[in-house]
Amino acid sequence: MEIVFQTMANGLLVGALYGLVALGFALLMGVMKFLNTAHGTFIVLGGYLSYWLLDLWGIDPFLSLPLVVMAMFLIGIIFYKLALSPLLKLPNIGMRINTSMLITFGSIWVLDNTMTVLWTPDVRSIMTSYTGQTLKFFGIRFSLTGLGGLGVAVFVALALYFILSGTYFGKHIRAATQDAVAASLCGINVQRTYLFSCGIAIALAGVAGIVVVSSYSISSTAGIGWLSSAFVVMVLAGEGNINAIIPAGMILGLIESAGLLVVGVSYRQAIALIVFIIVLMIKPQGLFSKREYGS
Amino acid sequence: MLKIAHIDVYYGDLQALWDVSLTIGVGEIVTLVGSNGAGKSTLMNSISGLLRIRAGSIEFRGIRLDSLPAHSIVEQGVSMVPEGRRIFPQMSVLENLEMGASIHAARKVRQKTLKEIYEVFPILGERAKQRAGTLSGGEQQMLAIGRALMSQPKGLLIDEMSLGLSPLVVQELSRVIQRINKANHLTIFVVEQDVPLALSMAHRGYVIENGRIVDQGDAKSLLCSARIKEAYLGAA
Amino acid sequence: MNWKKLSILGVSVMLFVVPPLVWDLGTSVLNLLIMLFIYIILAQSWNLMGGYTGQINLGLAAFFGCGTLVTHFIWKAGVPFYLAMTAGGVAAMVLAVVIGLPTLRLKGMYFGIGTFALAEVCRIVVGSTFQRMLRMPSSYVASYSLVSRYYVAFVVATLAIVVVYRVTHSKLGLGMVAVRDDETAAQVTGVNTFKCKVLALFISALLAGLAGGVFAYLRLSFHYIFMMFSPVWTFEPLMAAIIGGAGTLVGPIIGSVFLVVLSEIFALKLGEAHLIIFGFLFVLVVMYFPDGLVGSIDRIRRMKVLVGRGLVKARQEPSSRN
């Protein structure tokens, strides 16, 4: 019985991370209908930034958050300008999704391999004074880094929620999502809104990267694995349903951990994928289908 | 106030407007009538910046609009109520109206403008917290007009107001439009398929056919003109 | 049949068939060419689904890996290679049924990610099941001849090109293109879109499986068999097909040549660095040259015509001001 509770607890912590990983991805997809397959790569990049900040200047990963966020935000803006904004000229949404998928996919090869050349394919992880430490609640062990990840995930999700529903900029994002043409007729600079949204999305990837590198590890080719998780979570939450992302991530974490008890560690990644396929087949609009952002 | 001079508009390689010119004076209600596909919405989209013109010029109070992006045109004081209303369905009525006041100048006086809009369209005040997608067609049209007015425009464009609405609602809207025009001296350009409605609301009118302006004049005389009678009013 | 085209074809075939018989090309050149042929098969396979039918299959690696795996074991069991390779192709087709069943109903990008997910599941399962190295008995090693691998690869590659040619020039091919351009319109005009998609999937799987068989023949032993199911085996042919020109017969061939040449140039430096250039090219192609290299040649040809016409016109009329 102990094992079950412990597994559930692990599942929740991992799940929070899955949710965090998926946030930026879902934001880009929900707002601009851009399928950023390079999302995982940006997560890894964020992880590297945090790693080097610790390695070169001794900055703790969780403290490096603001720096990484700013850097990744800038990178996101550049990425938008270079690779994504030309896609806005495409006539329909389907083409936009497909083309953005292909373009970001090409970017994976460029970015992943550039990172390999620059930083070698070695696996990196961060060791701090609290790595590997656990807290014990009611007989269940919670890893400190896992709790830190949970905290970051919840904090970021709340911050995003507040931005989207409470600030005018966030409302501009929602308006542009629901009807970009009408938004520009209201005087909203949709291009600039998209630009900043992309910056936010990539910054979110960076945050996820920090948690990943401190709880697990990163390597220059690990991106696709995290993209996979992001995708599964997004489909579980329902496309466009940003508020359901963290809960959906936790559900995935729970299912994965439960599955681990049954099939064993080596099939771990397969569990998420199979859940994914099943959801795609049965309820493609997601488990939560509240349809916040229209269509 | 609004001067459109000899514009040509294309959709790709397909020409939609040929040498279109018209002027709208301060405080006028001017209408453009024509059948489906004649080019009315094309013209509206060109003025509001959603479409680029290929020749000619569009000027508003002396400033060229045709090279500006849509959101900048709103800043110049021209606001459009688009065809099909296009309100933000998942946002509340209040949020929709707030979005209308996105430009800097409008943001400062947002609260005051909101009160005025609620006076003109009381039902919007009643339904302020309701999701816009759940409103009826007529209410949505009011919301769309209200939203456009939130930017404190000097010129209002209305594209196909009557589409999908019952005659009673349309009449009410028409009365409101005329009231706003008189009260605030607001310049209004209306594009309509419903010819009698349009010509009863407006001071002057233009007729468009196959992308070209074929007639113009003050509303009353257009209503009596033989061409209009034949083509649109089904007279013998 | 166009005599000029036939003669070009004949010469190119001779170019590939004769040299290995006459000269000793050396291991590295032969290896390179064999890999080129394998990539051509895979690129054609992907192109049939992606370029012609508009179904972006991101799980091609599963069919390739399946073909490699099955061929390896059946050949090891003593069955003559040609039958083993065929079995590999057929096994891939069976896998296509398993993968196709849930995914073919999915629309748009979900088909892509569904196939990707299932291919990944295959990779993980295979990786967990076959953890030790897969070896061939020494008799196979002793009788190894790279030249025979070369001809097998060449034959299968030619077969792939011929199959794709015949299919795309048939009624089925027309249906496929219709599905790609507008599935709803195709359905409405009586095209059995489901059949087109299924057949495209099957033929694609068969070709990929055969490619896997050739690879099994080439490599004999595998340290980590699950690597044959790695997404790289989907994405490199995909990029080759698109850069070369999706939806054309020659595109995948040109793209594969590009891919192999680039990887050779960079092989001396750092393993996968050629992919940086390739990725860049890929992005450029998707953004600005959607018809790939083949399309650009077409476009240059068309521009030459337009420029020519323009010159003629200018000569005929006196310059007029508007």
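Only a predicted model underlies this, so the values are computations on that prediction, with no experimental measurement involved.

Asker: Honestly, the packing of helix α12 (residues 232-245) of chain C against helix α14 (residues 274-288) of chain C in this entry has me stumped. Any pointers?
Answerer: In a packed pair of helices, the relevant descriptors are the angle between the two axes and the axis-to-axis distance. All names here are of chain C. Between α12 and α14, the shortest axis-to-axis distance is 9 Å and the interhelical angle comes to 50°. With respect to each other, α12 and α14 are oriented oblique. In terms of crossing hand, the pair formed by α12 and α14 is left-handed. Note on element contacts: α14 touches α12 through Phe 278, Leu 281, Phe 282, Val 285 and Val 286, opposite Met 239, Ile 242 and Ile 243. Split by residue class, the contact of α12 with α14 holds eight nonpolar, no polar and no charged.

Asker: Help me understand the interface of chain C and chain A in this model?
Answerer: Often the size quoted for an interface is simply the accessible area lost on bringing the parts together. Listed per partner, the contact involves 27 residues of chain C and 32 residues of chain A. Broken down by secondary-structure element, the contributors of at least two residues to the side of chain C that touches chain A are α6 (109-129) and α14 of chain C. Per-element tally for the side of chain C that touches chain A: the top contributor is α6(C), with 11 residues. In terms of residue class, the side of chain C that touches chain A is made up of 21 nonpolar, four polar and two charged.

Asker: Looking at this model, I keep getting lost on the arrangement of the chains. Mind explaining?
Answerer: Among the two pairs of chains in contact, the pair with the most contacts is chains A and C. At no point do chain B and chain C touch; the closest pair of C-alpha atoms across them sits 13 Å apart.

Asker: Sorry, what's going on with the pairing of strand β9 (residues 204-209) of chain B here?
Answerer: Residues in a regular strand point their side chains to alternate faces of the sheet. Residues and elements named next belong to chain B. The buried count for β9 comes to five of six residues, which makes it a mostly enclosed element. Here strand β3 (residues 29-33) runs beside β9; their pairing, made up of four bridges, is parallel. Looking at β9, one finds that Val 33 is bridged to Val 207. Inspection of the sheet shows β9 paired to strand β10 (residues 212-218) by six bridges, in the antiparallel sense. Paired with Gly 205 across the two strands is Gly 217, which belongs to β10.

Rules and cut-offs
Residues numbered from 1 in each chain as written. Chains lettered and ligands numbered in written order. Predicted model: local features only at pLDDT ≥ 70, side-chain atom pairs only at ≥ 80, totals over all residues. Axes fitted to C-alpha atoms, helices over the stretch in contact; angles between N-to-C directions. Helix = DSSP H or I, 4+ residues; strand = E, 2+ residues; numbered from the N terminus. Parallel < 35°, antiparallel > 145°, perpendicular 65-115°, else oblique. Left-handed = near helix turned anticlockwise from the far one by under 90°. Contact = placed C-beta atoms within 7 Å. Nonpolar A, V, L, I, M, F, W, Y, C, P; charged D, E, K, R; others polar. Buried ≥ 20, exposed ≤ 12 C-beta atoms within 10 Å, placed from the backbone. Pairing = 2+ DSSP bridges.

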